[in-house]
Amino acid sequence: MEYLASDKIAIVDLGSRDITEEELEEDLVLDKIGGAGITKHLYDQYASAQSNDNGPIVLGTGLLTGTLVPGSSLGIMTAKSPSTGKVSHVPLHLDAGIELKYSGFDYIVIKGKAEKPVYLWIHDGIVDINDADELWGKDTWTATDDIRSEMGDDLIQVLGIGRAGENGSDLAQVGINYWQSADRMGFGKLFGEKNLKLIAIRGMGLLEISEPEDFIEDCAELITTIRSNSLMDMQGIAATAAALGEEDFRDWIGPLTHRHMACFNTPVATSTFIFTDEDPALLKESTVPEPGFLLTDIFPLITFKKAGLSAKETGAVLKACAKYGIDGAAVAELSAKSGLTSPEDIEKALPDLKGPVECAGSSVFSAWAAVGKETDENWERRQAVAYVMGIHPIWLQMAPDLTEEKLLDLAGLGTELELPQETLDEVIADILV
Amino acid sequence: MTVSRYMALNKRLISGEALTFSQGPGKWLHQTTQDEDRPLYYPKIGIYTGKGASHSWLWFADIFERLGFYDLAFLTENDLAQDALDRLDVLAMSGGDTFAIAEALGPKGARKLEDFITAGGLYLGSCAGAYLPLYSSKEHLNHFNFVAAKITNLTKTLPEAHSMKEKFCTCYGCSFIYHPVREEIEVTTSGLPPFGTSMTLTAPLYGGPPMTVTDPETILATYTNFTNKTLFLVDRELAEKTLFGNAAIIRGKMGQGHLHLFGPHFEHPHYLEANLFLANAMMWDLPVQPSPSTDLDDEMESRVGSEKKTFIRNLKRELSNSRIVAAGLEMSPLKWTIGNKVYEAGKIRVFLEAIWQRLRSFEKMTPVLVRPGQDGLLVQTALHITENIRKIKRGWDRQADTLEPARALFGFLNRTSALFLEIYFRSKRFHYSRENCIGTLSWSN
Amino acid sequence: MGLCEQDTIFRYGGFFMGIQIDALKCIACMACELACGYHRDDAFALLSSCIVPYRGREKKNYVGVILKEEDSLVAARPEGIEINRIGEEQDPEKEADASAKPMLLRESCDLCDDQDDGPLCIVFCPTGAISMT
């Protein structure tokens, strides 16, 4: 696969510590396009009926991930969800998707179970399996700090678990660096079962483009159109809440709001950083080591707000969830059900929380991107397109200009491959089986 | 000559084909004397990488590789002081700190260099490498004094700097060497033999000398104009006076050998025409008799199969680890003064990229040829790079002094890149000669 | 040189034009970095880009933009602009490097002089954090 790809798939066997590599064949891309189309294919290929584990975890990126197509931030993690039992897909957003795209691999299959705790260091086409004895037991923040300090780079993206995953909680989440991710599927438990503490990713790759001038021209036209759209006013998580009818949310979160942060190349910032222990109006670098938290998921915010927690208390609880490595949405739902309203009580209860939870949804795609919408057929179709093409799944719902036809057109310009609508239809049907 | 013609020529030469200058494409170097019957051969080129050399020695490696010259050796001052020059036809000395180079080579290195050239060897000096052999009474430089040329950018009264006050001059005893311009400059070749008609070329100037000589027949090119990329460090009028009409390239003779001294960097990889001119001049003034062949001998060990794969993978791992940290540091204002030079964090990756960009083709070479233990040593020095650069990062985060790991780091970077390139070019030359030893290739004029 | 209100200005074809960065509008999406990387490499890559959102203080959410100019690194911080000269001698007692060779890795901003629509970082920035003076 010559264009928009590294042309490599890594197969990592945690048990034997063997790492093999395969080429990403063009035929596979013509057949399954990319993203969840291929991660699902690889999952099916490597999941063994005889295996007594939950099957492999497959990391991947969409066909257009890491390009200048607006919203092309998405990485994908595919595995069998411990909470739903289905082969499911979790979006890797923020900067995790792009780092994976430039890591030198298009897809990574992680199978088996390590004898003792390990972590994967994926960099520039190399996968290293390193011992994680010193990381095991640490919260996600400490583990992320330690890895970045050890490797000497602050931009390493870390997909990791906390004690929740190590202890086998169904609600365990694979976080992204210090933050809550979109993992509502309990993939953190899978990591724990495999004795996989975290995956550290950093890449300096390069993606060739088949028809660069036309591709860039189309991307430039898209962003120019998008910029003049009123949806560009929807910066930050409060704007998302307002769109869901939560009008007083701005007043609730406003006093703590520091800045809005976007995922890679996503024109609308869907995350907001609040300062809980620092003046949010501060412009220079804070001297407080951990002044606040990045809010990435609207559901727990609204739930905790309705339960009467202040924004500051909510920020503290979600920070504790992130450190513990548990899905904040599930915690919010279960806390509300059991009437827990004090942050201290909620934090104390974290190790004992058990599902099932409704916020996990019933789709194979993470309900994180539902954002108040019904996860019906239309929503699922749009999610599938996002996960195949590598477009931010919340952003894609907001961007009508990014039609399937347009995305296929761009894919053709970028890769030189002919990818008709019929192929996309088949791939989506296969994912949704 | 063009790149493809050099590649074609070098394929024939490395296959052992006996060619003479008259068999070049038409009037290759526009020469029409009996020298055309001189044999052409595949030259053995040494590139100085030792103390005082800046990273521009990597440019020589880049352009020689591009033109198909793979018989390259990478030499430190210690190599020069021993017998490394005995096995070479050409020594290329790029930019850096002239005084540091002179001090590092010392009288022993100077005598070795003199013997090399006198016996027929060719010296290519660019920038600092051009200053080195010029007549000088200054300490360390006074061991050389091979070429009776004067520089025109020497002054007792420092002119006013227009910009970049920190960059434009160096002390030279009681005087100053000032640099009137930086970046691109235009030179006009003299058209003197072995070259035909005069032509205009551009090349970048980064402190190299403008020269005057008593014998105009030794001038290969003069500075003639500025371009819209020229950056003036002094008043334009002074810059013109210092440069225009003065020698940008001179061709000195010493004994049986020659020295080509380039003020601008004709080896800069972005200036192809200049590179070709340098190569043409080099080929013309190669020693009449090539130095004895060595290197691909029984001492070499082959790395193939899983052993090769493991070696390259281990090397790649450390380079990736270092490169990741380096990329993170290079947009920081971090810098160190080591010797008389300022090293920015961005320079770290210059050396790493010189290796990294060649890894893909290195992986495809089978076998890879190493001296016993060289592969292990290479991985070990690469590991030291990783260790030191991570120390710098941790120190930077803590606002601690990072000079010591930086000093160690740049030493390892230079050593590692030179060692890698030695292995790389040795293996490449082996494959190149193996690929081309059968049959003949057509020569297209 | 410390913090100052001065815009980033550098010479271009004899006229003074500037890339202006409002760090507070930046949402750290990295579109500028990728666009500049494309301008340098004719491919999608980030290593050659001369404009880079600073993301190294993630826990503190301290985000700015760094631009490489011919002789300086311009840091557009939330609190103001800071300019650091490249190659400048830190010890005033010692001479600076008079003949520094360029590193040919990250070249300085050229305002995308070969692009009809001007600097690609401006074209692709979704929030208007980057503009021309």
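Procedures and definitions
Residues numbered from 1 in each chain as written. Chains lettered and ligands numbered in written order. Predicted model: local features only at pLDDT ≥ 70, side-chain atom pairs only at ≥ 80, totals over all residues. Heavy atoms only, no water. Helix = DSSP H or I, 4+ residues; strand = E, 2+ residues; numbered from the N terminus. Rg over C-alpha atoms; globule rule 2.2 N^0.38 Å. Buried < 20%, exposed > 50% of the residue type's maximum accessible area, 1.4 Å probe, protein only. Contact = heavy atoms within 4.5 Å. Areas by Shrake-Rupley, 256 points an atom, 1.4 Å probe, with all protein chains shown as cover. Lys, Arg positive; Asp, Glu negative; His and termini not counted. Charge placed at Lys NZ, Arg CZ, Asp CG, Glu CD. Expected span 1.5 Å × (residues − 1). Buried area = accessible area lost by both parts, 1.4 Å probe. Salt bridge = Lys/Arg side-chain N within 4 Å of Asp/Glu carboxyl O. Pairing = 2+ DSSP bridges. pLDDT = per-residue confidence, 0-100. Axes fitted to C-alpha atoms, helices over the stretch in contact; angles between N-to-C directions. Phe/Tyr/Trp six-rings, centres within 6.5 Å; stacked < 30°, edge-to-face > 60°. Lys NZ or Arg CZ within 6 Å of the ring centre and 35° of its normal. Polar contact = N/O pair within 3.5 Å; in protein donor to acceptor, adjacent residues only side chain to side chain. Parallel < 35°, antiparallel > 145°, perpendicular 65-115°, else oblique.

### Quick look at the overall build of chain B
For step 1, the next point in the chain: For chain B, the helix and strand inventory stands at 11 helices and 21 strands.
For step 2, the next point in the chain: Here chain B has a C-alpha radius of gyration of 22 Å; the compact-globule value for 445 residues is 22 Å, and the two agree.
For step 3, the next point in the chain: Looking at the 445 residues of chain B, the share that counts as buried comes to 61%.
For step 4, the next point in the chain: Here the analysis covers contacts within chain B between residues at least 6 apart in sequence; of these, 77% occur between residues at least 24 apart.
For step 5, the next point in the chain: On chain B, roughly 17,200 Å² of surface is accessible, and the fraction owed to carbon and sulfur atoms is 50%.
For step 6, the next point in the chain: Side-chain charges of chain B comprise 49 positive and 48 negative groups, with the mean position of each set lying 5 Å from the other.

### Topic: helix H1 (residues 3-14) of chain B
Because each turn of an α-helix spans 3.6 residues, side chains separated by three or four positions end up pointing in the same direction.
Residue and element names in this part refer to chain B.
For step 1, the next point in the chain: The end-to-end C-alpha separation of H1 is 16 Å, in line with the 16 Å expected for 12 residues at 1.5 Å each.
For step 2, the next point in the chain: Those residues of H1 that fall on the buried side of the exposure criterion are Tyr 6, Leu 9, Asn 10, Arg 12, Leu 13 and Ile 14.
For step 3, the next point in the chain: Looking one or two places after H1, you find Gly 16, whose phi comes out positive at around 95°.

### A few points about the interface of chain A and chain C
For step 1, the next point in the chain: Every contact between the two is made by 54 residues of chain A and, on the other side, 35 residues of chain C.
For step 2, the next point in the chain: The junction of chain A with chain C conceals about 3,700 Å² of combined surface from both sides, 61% of it contributed by carbon and sulfur atoms.
For step 3, the next point in the chain: On the chain A side of the contact with chain C, Leu 68, Arg 259 and Glu 285 of chain A bury the most area, a combined 19% of that side's loss.
For step 4, the next point in the chain: Counting the contacts that link chain A with chain C gives 6 salt bridges.
For step 5, the next point in the chain: The partner of Asp 145 of chain A in a salt bridge is Lys 59 of chain C, with the nearest N and O atoms 2.5 Å apart.

### Some remarks on the pairing of strand S14 (residues 219-226) of chain B
All names here are of chain B.
For step 1, the next point in the chain: Burial within S14 is extensive, with 6 of its 8 residues counted as buried.
For step 2, the next point in the chain: As judged from the 3 bridges shared by S14 and strand S16 (residues 247-254), these two strands associate in the antiparallel manner. For Thr 222, the partnering residue across the bridge sits in S16 and is Ala 247.

### Regarding the confidence of the model for chain C
Residue and element names in this part refer to chain C.
For step 1, the next point in the chain: Summing up the model confidence of chain C, the mean pLDDT is 79 and the portion of residues at 70 or higher is 77%.
For step 2, the next point in the chain: Counting contacts from residues 1-16, a segment whose pLDDT is below 50, to residues more than four positions away or on other chains yields 35 contacts.
For step 3, the next point in the chain: This model gives residues 89-96 a pLDDT under 50, and the stretch forms 12 contacts once residues within four places in sequence are excluded.
For step 4, the next point in the chain: Overall fold confidence for the complex sits at a pTM of 0.91, while the interface term, ipTM, reaches 0.94.

### Notes on the sheet that holds strand S7 (residues 118-123) of chain A
For step 1, the next point in the chain: Read across the open sheet, the 5 strands follow the order S8-S7-S11-S9-S10 (chain A); overall the sheet is mixed. Looking at strand neighbours, the two that pair on one side only are strand S8 (126-131) and strand S10 (175-176) of chain A, the edges of this open sheet.
For step 2, the next point in the chain: Set on the sheet, helix H8 (residues 305-329) of chain B makes contact with S7, S8 and strand S11 (196-202) of chain A; between it and S7 of chain A the angle comes to about 80°.

### Quick word on the packing of aromatic side chains
For step 1, the next point in the chain: Enumeration over the complete set of coordinates arrives at 31 aromatic pairs over all chains.
For step 2, the next point in the chain: When the ring of Trp 179 of chain A is compared with that of Phe 293 of chain A, the centres are 5.4 Å apart and the planes differ by 75°; the resulting orientation is edge-to-face. Taken together, the positions of Trp 179 of chain A in the loop between S10 and helix H6 (187-193) and Phe 293 of chain A in strand S15 (residues 292-295) put the pair 114 residues apart, joining distant regions of the chain.
For step 3, the next point in the chain: Overall, the relative accessible area of 3% leaves Trp 179 of chain A in the buried class.
For step 4, the next point in the chain: Directly above the aromatic system of Trp 141 of chain A lies the positively charged group of Lys 323 of chain A, at a separation of 4.9 Å from the ring centroid.
For step 5, the next point in the chain: The lysine or arginine in question, Lys 347 of chain B, covers the ring of Tyr 343 of chain B, its NZ or CZ lying 4.6 Å from the ring centre.

### Some remarks on the side chain of Thr 188 of chain B
Residue and element names in this part refer to chain B.
For step 1, the next point in the chain: Relative to the elements of secondary structure, Thr 188 occurs in strand S11 (residues 181-189).
For step 2, the next point in the chain: Within the structure, Thr 188 has its side chain in polar contact with the side chain of Thr 224 (distance 2.8 Å).
For step 3, the next point in the chain: The contacts of Thr 188, once residues within four sequence positions are left out, are Ser 198, Met 199, Thr 200, Leu 220, Ala 221, Thr 222 and Thr 224.

### Thoughts on the packing of helix H2 (residues 57-67) of chain B against helix H7 (residues 272-284) of chain B
All names here are of chain B.
For step 1, the next point in the chain: The N-to-C vectors of H2 and H7 enclose an angle of 80°; their axes lie 11 Å apart at closest approach. As the angle between them shows, H2 and H7 are arranged roughly perpendicular. Residues Phe 60, Ile 63, Phe 64, Arg 66 and Leu 67 of H2 form the contact with H7, whose participating residues are Leu 272, Asn 275, Leu 276, Leu 278, Ala 279 and Met 282.

### A closer look at unusual backbone geometry
For step 1, the next point in the chain: Here the bond from Gly 355 of chain A into Pro 356 of chain A is cis, since omega is 5°, no more than 30 degrees from zero.
For step 2, the next point in the chain: One can find Pro 356 of chain A in the loop between helix H13 (343-349) and helix H14 (377-389).
For step 3, the next point in the chain: The phi dihedral of Leu 111 of chain C falls on the positive side, at around 60°, and the residue is not glycine.
For step 4, the next point in the chain: Position of Leu 111 of chain C among the secondary structure elements: in the loop between strand S9 (80-85) and helix H2 (120-124).

### Brief notes about the pattern of salt bridges
For step 1, the next point in the chain: Applying the stated criterion across every chain, the model contains 56 salt bridges over all chains.
For step 2, the next point in the chain: Taking the shortest distance from any N to any O, the salt bridge between Asp 153 of chain A and Arg 202 of chain A comes out at 2.6 Å. Remark: Arg 202 of chain A occurs in strand S11 and Asp 153 of chain A occurs in the loop between helix H4 (140-151) and strand S9 (157-160); sequence separation between them is 49 residues.
For step 3, the next point in the chain: The exposure class of Asp 153 of chain A is buried, given its relative accessible area of 2%.
For step 4, the next point in the chain: A relative accessible area of 8% places Arg 202 of chain A in the buried class.
For step 5, the next point in the chain: Among the ionic pairs, Asp 154 of chain A bridges to Lys 393 of chain B, the shortest N-O distance being 3.0 Å.

### Here we look at the sheet that holds strand S13 (residues 257-261) of chain A
Residues and elements named next belong to chain A.
For step 1, the next point in the chain: Taking strand neighbours across the sheet as the criterion, the 3 strands line up as S13-S14-S15 in an open arrangement whose pairing is antiparallel. Edge strands, defined here as strands with exactly one partner in the open sheet, are S13 and S15. Across the sheet, the mean angle from the axis of one strand to that of its neighbour is 20°, orientation sign disregarded.
For step 2, the next point in the chain: Bridge count for S13 against strand S14 (residues 271-275) is 4 bridges, and the pairing is antiparallel. Following the sheet pairing, His 260 is matched in S14 by Thr 272.

### Digging into helix H12 (residues 328-338) of chain A
All names here are of chain A.
For step 1, the next point in the chain: Taking burial as the measure, the 11 residues of H12 include 8 buried ones, the bulk of the element.
For step 2, the next point in the chain: Three or more residues of H12 are buried, namely Gly 328, Ala 329, Ala 330, Val 331, Ala 332, Glu 333, Leu 334 and Ser 335.
For step 3, the next point in the chain: Buried residues in H12 make contact with helix H10 (298-306), helix H11 (311-324) and H13.
For step 4, the next point in the chain: With a side-chain oxygen positioned 3.0 Å from the backbone nitrogen of Ala 329, the residue opening H12 is Asp 327.
For step 5, the next point in the chain: Two residues or fewer past H12, Gly 339 is found with a positive phi of approximately 75°.

### A look at the environment of Val 268 of chain A
All names here are of chain A.
For step 1, the next point in the chain: Mapped onto the elements of the fold, Val 268 is located in the loop between S13 and S14.
For step 2, the next point in the chain: Sequence-wise, Val 268 and Gly 162 are 106 residues apart; in three dimensions their C-alpha atoms are separated by 30 Å.
For step 3, the next point in the chain: The contact partners of Val 268, leaving out residues within four places of it in the chain, are Leu 231, Met 232, Met 234, Gln 235, Ala 262, Trp 395 and Met 398.

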